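Listed below, chain by chain, are the residues.
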Amino acid sequence: MHDVIVIGLGAMGSAAAWQMARRGADVLGLEQLAEGHGKGSSHGRTRVIRRIYSEGPVYMPLLTRAYALWGAMAAESGETFLVRTGGLDIAPENAPSLANAIACAEAEGIAHDVLNADSLRARWPEIRVPDGYAAVFAPDSGQLRSDPANCWMREAARAAGAELRFDTPVLGWRRTGDHITVETASGTERAKRLVIAAGAWAGTLLPDIDSALIVERQVVGWFAPSDETDLTRLPVFQVEPTDGRRYYVLPPLDGSGTKIGLYGHRGERGPHMRDGRAPDAEDEMLLRAGLDEWLPDANGPLETLQECRFTRTADDRFIIGNWPQDEAVTLLSPCSGHGYKFAPAIGEAAVQLALGETPVVDLSPFAVSRFL
Ligand SMILES: Cc1cc2nc3c(=O)[nH]c(=O)nc-3n(C[C@H](O)[C@H](O)[C@H](O)COP(=O)(O)OP(=O)(O)OC[C@H]3O[C@@H](n4cnc5c(N)ncnc54)[C@H](O)[C@@H]3O)c2cc1C
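Procedures and definitions
Residues numbered from 1 in each chain as written. Predicted model: local features only at pLDDT ≥ 70, side-chain atom pairs only at ≥ 80, totals over all residues. Heavy atoms only, no water. Buried < 20%, exposed > 50% of the residue type's maximum accessible area, 1.4 Å probe, protein only. Helix = DSSP H or I, 4+ residues; strand = E, 2+ residues; numbered from the N terminus. Pairing = 2+ DSSP bridges. Near = heavy atom within 4 Å. Polar contact = N/O pair within 3.5 Å; in protein donor to acceptor, adjacent residues only side chain to side chain. Areas by Shrake-Rupley, 256 points an atom, 1.4 Å probe, with all protein chains shown as cover. Nonpolar A, V, L, I, M, F, W, Y, C, P; charged D, E, K, R; others polar. Domains from an automatic or database assignment. Contact = heavy atoms within 4.5 Å. Axes fitted to C-alpha atoms, helices over the stretch in contact; angles between N-to-C directions. Buried area = accessible area lost by both parts, 1.4 Å probe. Salt bridge = Lys/Arg side-chain N within 4 Å of Asp/Glu carboxyl O. Core = buried A, V, L, I, M, F, W, Y, C linked by side-chain atoms within 4.5 Å.

Caption draft 1: Summary view of the pairing of strand E19 (residues 326–333). Most of E19 sits inside the fold, with seven of its eight residues counted as buried. Both strand E18 (residues 319–323) and E19 contribute to a ladder of five bridges, which runs antiparallel. Along E19, the bridge assignment pairs Trp323 with Asp326. Between E18 and E19, which follow one another and run antiparallel, lie two residues.

Okay, here's the thing in structure tokens:
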């Protein structure tokens, strides 16, 4: 009998397994696919981390905690997972997202600059900014080296005594007396507690919540510069024109080209998006249109396209909490396309929920009950 079984070893499951094992728990991690696979939501070289959060103040305690833990991980590992390139939120001057970002920075006392179109162009002439646009710049935003961080969290879990099993799909789970029984393709396991961090598949393990979790196909692309322009000095940025699109751009890092993605991409949604589909010319065209519009110097030869999936909720807010029907089950479904940056803090929250401690961060805004 294990103390905890963690289902799914993407960023959230790995963070939970590592921190549970670090607290002395007997942890078994079960992952349906191979280690480091590219079929979920956590793979890929990089992710954006934004110090200012236009999505709202409810995220700020979790974000501040995540920054502290990314720092602790770097100190412990000797690796730099968080590269502070600075970050921009760009939008029309009167956009609510811009007002939210400025309000967030001011309320939290976070270093920032508010820039109009002229000052933005003067500072980063490579970024094509229309008249009437403005931006908030946060020097502490940047890029996370996600693949190395995922790898480190798994290794840290193992080093703390966790057993991580890959290519081991969980077929189901049930309460049996004083413990949880977990059926896998290769046998039955038992544990006092269960953490479900199954990303786009969470609804297959918790049918009551399945309809609240929307799986959405995403494609991101890396492009080499179109000329000799050095784009490495640029900050990460997201730009939100009035038509509802939101592109996010990560400048070249570690020898790669510029990464670009579009929230929601082609709006392809549904459970069948779990299976995925190889990127195609239309995916590339959509990403190139964004580069052409906002960062034309980056619109050079294609390096690679990568498919991924968001698991969105109706309010695009995370689900982090114990399952009301069985408090020994903790659900971690923090995606909606912006969960990665919080991973270490979400892993910590999972431990506190599992051990019946009061989480250091108020998790009530992320309660699962809002969908049940
Ligand atoms: C294209 C893209 C760009 C993004 N950019 C950013 C960004 O810049 N910044 C940011 O903060 N966030 C970003 N995100 C969001 C972030 O990556 C996700 O929120 C995060 O990775 C979710 O992690 P997860 O562990 O919940 O999911 P996953 O990584 O998908 O992990 C779930 C795991 O569970 C496994 N599993 C499922 N069912 C079972 C089962 N029955 N048995 C065993 N194992 C199972 C799956 O195989 C998978 O490995 C982005 C996401 C995408 C797709």
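Caption draft 2: Main features of the site of the ligand. Every one of the 35 residues lining the ligand counts as a neighbour, but Glu31, His37, Ser42, Val48 and Cys308 are closest to it. Here an oxygen atom of the ligand sits 2.5 Å away from a polar atom, N or O, in the side chain of Ser42. In the model, a nitrogen atom of the ligand is placed 3.5 Å from a nitrogen or oxygen of the Gly337 main chain. Here the ligand loses 98% of its free accessible area of 1000 Å² to cover by the protein chains. Elements that contribute at least two residues to the shell around the ligand include exactly helix H1 (11–22), strand E3 (46–49), strand E13 (214–223) and strand E17 (302–312). At three residues, the largest contribution of residues to the shell around the ligand is made by E17. Here the shell around the ligand is built from residues that sort into 18 nonpolar, 13 polar and four charged. Counting residues domain by domain, the shell around the ligand receives three or more from each of domain 1 (2–43 + 147–212 + 316–371) and domain 2 (85–144 + 214–312).

Caption draft 3: Fine view of the sheet that holds strand E4 (residues 82–83). Taken in spatial order, the three strands make up an open sheet running E3-E8-E4, and their pairing is antiparallel. Each edge of the open sheet carries a strand with a single partner, namely E3 and E4. As defined by bridge partners, E3 adjoins strand E8 (residues 142–145) across four bridges and the pair is classed as antiparallel. By the bridge assignment, Ile49 is partnered in E8 with Gly142. Against the sheet, helix H5 (residues 146–159) touches E3 and E8, its axis set at about 45 degrees to E8.

Caption draft 4: Representation of the domain arrangement of the chain within the structure. As assigned here, the chain comprises domain 1 (2–43 + 147–212 + 316–371) and domain 2 (85–144 + 214–312). Summarising the inter-unit geometry, the C-alpha centres of domain 1 and domain 2 are found 29 Å apart. Taken together, the contacts link 19 residues of domain 1 with twelve residues of domain 2. Counting each side, the surface lost to burial between domain 1 and domain 2 is near 1300 Å², with a carbon and sulfur contribution of 48%. Put simply, domain 1 and domain 2 have two salt bridges between them. In this assembly, domain 1 and domain 2 are joined by nine residue pairs in polar contact (both at pLDDT 80 or more). Taken together, the residues of the side of domain 1 that touches domain 2 sort by class into five nonpolar, ten polar and four charged.

Caption draft 5: Main features of the nonpolar core. Core analysis: the biggest nonpolar cluster contains 64 residues, and Met20, Leu62, Trp70, Ile320 and Leu332 have the highest contact counts within it. For this core, the secondary-structure elements that each account for two or more residues are strand E1 (2–7), H1, helix H2 (60–77), helix H3 (96–108), strand E7 (133–138), H5 and helix H9 (343–354). Here Ile320 is in contact with Leu62, Leu331, Leu332, Pro334, Ile346, Leu353, Leu363, Phe366 and Ala367, once residues within four sequence places are set aside.

Caption draft 6: Region of interest: the pattern of salt bridges. As enumerated under the stated definition, the model contains 38 salt bridges in all. The partner of Asp283 in a salt bridge is Arg217, with the nearest N and O atoms 2.8 Å apart. One end of the pair, Asp283, is in helix H8 (residues 281–294); the other, Arg217, is in strand E13, and 66 residues separate them in sequence. Arg217 matches Asp283 in its accessibility class, with the two residues each being buried. Across the pair Glu282 and Arg266 runs a salt bridge whose closest N-O atoms are separated by 3.2 Å. Remark: Arg266 occurs in the loop between strand E16 (258–262) and H8 and Glu282 occurs in helix H8; sequence separation between them is 16 residues. Residue classification places Glu282 among the partly exposed positions, given a relative accessible area of 43%. On the accessibility criterion, Arg266 (27% relative accessible area) is partly exposed. Connected via shared salt-bridge partners are Arg217, Arg266, Glu268, Arg277, Asp280, Glu282, Asp283, Glu307 and Arg309.

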